[in-house]
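# Residue-level structure breakdown
What follows is each chain in one-letter form.
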Amino acid sequence: QRLIKEGNDDIYGLKQSPDGKVFIAWTRTGEHDGFPVINVYDQASIRRQNTIAVSDEQIEAVEFSAQSNMLLVISSNKQSGEIASTLTVWDFIDGHREIFCKSMVPLRVKAAAWNPFIKDNADEFVSISDRVYHYWRISKHLELQYPEGELPQVDEGFDGPGDKFN
């Protein structure tokens, strides 16, 4: 109930950081306040530590890195009738809440996830849009790690002649 009183827009989602120190509550659109926001709360006291305002129309996805030191935010806007997405990585180290790197792409990114196979140095994530996925690597800038790939067709599953187990 306390979270609802912190703003005018409905809470769309809640997520706890993997280290359990903070959790976030975010709005999807910002229908009343004018823009979507991500509120960061201390897990123990449930006090709001920070508010991240997102300048796009809508938040699509929010993901903590495995070490809880980065927050990946996917947001989108309509530009000239087309949907464009912004991928932003926020630095969460030592209580800082600032943009680490950011990139805009001319397509709607529907979801993203950190690479679960890199636990010690989580600097990679994958984003997915309509039937296309991209691998990203974080450096000074957000860069594509590999060229985009197309998702396999539904009929290309494990039912082909070369996919039989012996």
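Calculation notes
- Residues numbered from 1 in each chain as written.
- Predicted model: local features only at pLDDT ≥ 70, side-chain atom pairs only at ≥ 80, totals over all residues.
- Heavy atoms only, no water.
- Pairing = 2+ DSSP bridges.
- Helix = DSSP H or I, 4+ residues; strand = E, 2+ residues; numbered from the N terminus.
- Axes fitted to C-alpha atoms, helices over the stretch in contact; angles between N-to-C directions.
- pLDDT = per-residue confidence, 0-100.
- Contact = heavy atoms within 4.5 Å.

This brings us to the sheet that holds strand β1 (residues 13-16). On the basis of which strands lie adjacent, the open sheet formed by 4 strands has the order β1-β2-β3-β4 and antiparallel pairing. At either end of the open sheet lies a strand with only one pairing partner, and these are β1 and β4 (48-53). Within the sheet, the average angular offset between the axes of one strand and its neighbour, ignoring direction, is 20°. Bridge analysis of strand β2 (residues 22-26) against strand β3 (residues 37-42) gives 5 bridges, and the strand direction is antiparallel. By the bridge assignment for β3, Val22 is matched with Asp42.

Here the focus is the sheet that holds strand β5 (residues 58-64). In space, the 4 strands of this open sheet follow the order β5-β6-β7-β8, with antiparallel pairing throughout. The open sheet has two edge strands with one neighbour each: β5 and β8 (98-105). Each adjacent strand pair in this sheet contributes to an overall mean axis angle of 20°, direction not counted. In terms of strand pairing, strand β7 (residues 82-91) meets β8 through 7 bridges, oriented antiparallel.

This brings us to the confidence of the model for the protein. In the predicted model, the protein carries a mean pLDDT of 77, and the fraction of residues at 70 or more is 72%. Across residues 151-166, confidence stays below pLDDT 50; counting only partners more than four residues off in sequence or on other chains, it has 9 contacts.

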